[in-house]
Amino acid sequence: DCCITRNRVENFWFYNETHKDCLRPPEEMLGLYYHSIGKGANLLINIGPDRRGLLPESNLKLLSYMMNEMNRRLTECRVPSSEVIKDDEKYFIRLDKYSLVDHVVLEEDMTDGAHIESFDICVSETTQEFVHVPIYRGYTVGHKMICTFPPIRAKNIVVKVTEKDGEENIKNIYACYVTGKEQ
């Protein structure tokens, strides 16, 4: 888990009016989101009420920005795909057309626990083994794993489970292209 304070000067866990202008910038907070929630962990952000018992407006704006931006990145920037095919320990994402991708999001069904211990992501033009180009190696999936890498053009994306403890069950898998769509 990732426990952080909103203040980038000192680590304290309560509202402090003298440090209200020393808050972490939104892009740093998005980076922390990717490296915690995006890697299957929790993100605990120290946002406490002020002396009136209200959450400070700057914190509410930050949370709203983070929610809207992650929704944009992981929903609006999805690359259209026609199907996901499972073949043994491989999942093939068939994109509708050759597309740039820079994110693959995996979500494991946690009903019986997390079972994926490592995986590789490759891109290819066909489903044949010898044409897969590796672009990412990951460890564990859990609730959600956001895999990021430099943009690459692909028609198919292959996720190969390389180690597991029990039967893996990916309940959701999709690709996104965020880099060229900044707000």
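Reading the values: rules and limits
- Residues numbered from 1 in each chain as written.
- Predicted model: local features only at pLDDT ≥ 70, side-chain atom pairs only at ≥ 80, totals over all residues.
- Heavy atoms only, no water.
- Helix = DSSP H or I, 4+ residues; strand = E, 2+ residues; numbered from the N terminus.
- Buried < 20%, exposed > 50% of the residue type's maximum accessible area, 1.4 Å probe, protein only.
- Contact = heavy atoms within 4.5 Å.
- Areas by Shrake-Rupley, 256 points an atom, 1.4 Å probe, with all protein chains shown as cover.
- Pairing = 2+ DSSP bridges.
- Salt bridge = Lys/Arg side-chain N within 4 Å of Asp/Glu carboxyl O.
- Arc of directions from axis to C-beta.
- Phe/Tyr/Trp six-rings, centres within 6.5 Å; stacked < 30°, edge-to-face > 60°.
- Polar contact = N/O pair within 3.5 Å; in protein donor to acceptor, adjacent residues only side chain to side chain.
- Patch = residues over 30% accessible without salt bridge, like charges linked within 9 Å, V, L, I, M, F, W, Y side chains within 5 Å.

Participant: Could you give me a rundown of the overall build of the protein chain, with the residues and numbers involved?
Facilitator: Along the backbone of the protein chain there are two helices and eight strands. Each of the 183 residues in the protein chain was classed as buried or not, and the buried ones make up 43%. The contacts in the protein chain between residues at least 6 apart in sequence include a share of 71% that link residues at least 24 apart. Carbon and sulfur atoms form 50% of the exposed surface of the protein chain, whose accessible area is close to 10400 Å².

Participant: Outline the pairing of strand β3 (residues 81-87), listing residues and values.
Facilitator: Pairing of β3 with strand β4 (residues 90-108) involves six bridges; the strand directions are antiparallel. Counterpart to isoleucine 85 in the pairing with β4 is phenylalanine 92. Hairpin connection from β3 to β4: two residues lie between these consecutive antiparallel strands, with aspartate 88 at a positive phi of about 55°.

Participant: Please set out the pattern of salt bridges residue by residue, giving values where relevant.
Facilitator: Per the counting criterion, the structure on display carries 11 salt bridges. A salt bridge links glutamate 167 to lysine 86; its shortest N-O distance comes to 3.9 Å. Remark: lysine 86 occurs in strand β3 and glutamate 167 occurs in the loop between β7 (145-164) and β8 (170-176); sequence separation between them is 81 residues. Glutamate 167 sits in the exposed class, given a relative accessible area of 52%. On the basis of relative accessibility, which here comes to 43%, the residue lysine 86 falls in the partly exposed class. A salt bridge links aspartate 120 to arginine 137, with the nearest nitrogen and oxygen atoms 2.7 Å apart. Pair noted here: aspartate 120 is in strand β5 (residues 116-124) and arginine 137 is in strand β6 (residues 133-138), with a separation of 17 residues, a long-range link. Residue aspartate 120 is classed as buried on the basis of its relative accessible area, which comes to 14%.

Participant: Describe helix α1 (residues 26-35), and please don't skip the residues or the numbers.
Facilitator: Every buried residue belonging to α1 is among Met29, Leu30, Tyr33 and Tyr34, and all of these are buried. Along α1, the residues classed as buried sweep out an arc of 145° about the axis, all on the same side.

Participant: Lay out the packing of aromatic side chains in plain terms, naming residues and giving numbers.
Facilitator: Applying the stated rule across the entire model yields one aromatic pair. Each ring, one from phenylalanine 119 and one from tyrosine 136, has its centre 6.2 Å from the other, and the planes form 25°; the classification is stacked. With phenylalanine 119 in strand β5 and tyrosine 136 in strand β6, this residue pair connects regions lying 17 residues apart in the sequence. Neither residue differs from the other here; phenylalanine 119 and tyrosine 136 are each classed as buried.

Participant: Which residues make up the side chain of serine 36, and what values go with them?
Facilitator: With respect to the element layout, serine 36 can be found in the loop between α1 and β2 (43-46). Polar contacts involving the side chain of serine 36 include one to the main-chain carbonyl oxygen of leucine 32, which spans 2.6 Å.

Participant: Before we move on, could you go through a nonpolar patch on the surface and cite the residues and values that matter?
Facilitator: A contiguous nonpolar patch, built from Leu55, Leu60 and Leu63 and spanning about 220 Å² of accessible area, is present on the exposed surface. Examined against the element boundaries, leucine 60 turns out to sit in helix α2 (residues 57-76).

Participant: Lay out the pairing of β5 with the relevant residues and their values.
Facilitator: Along β5, eight of the nine residues are buried, which leaves the element largely enclosed by surrounding structure. Where β5 lies against β6, five bridges are found, and the strand directions are antiparallel. From the neighbouring strand, phenylalanine 119 faces β6, where its bridge partner is glycine 138.

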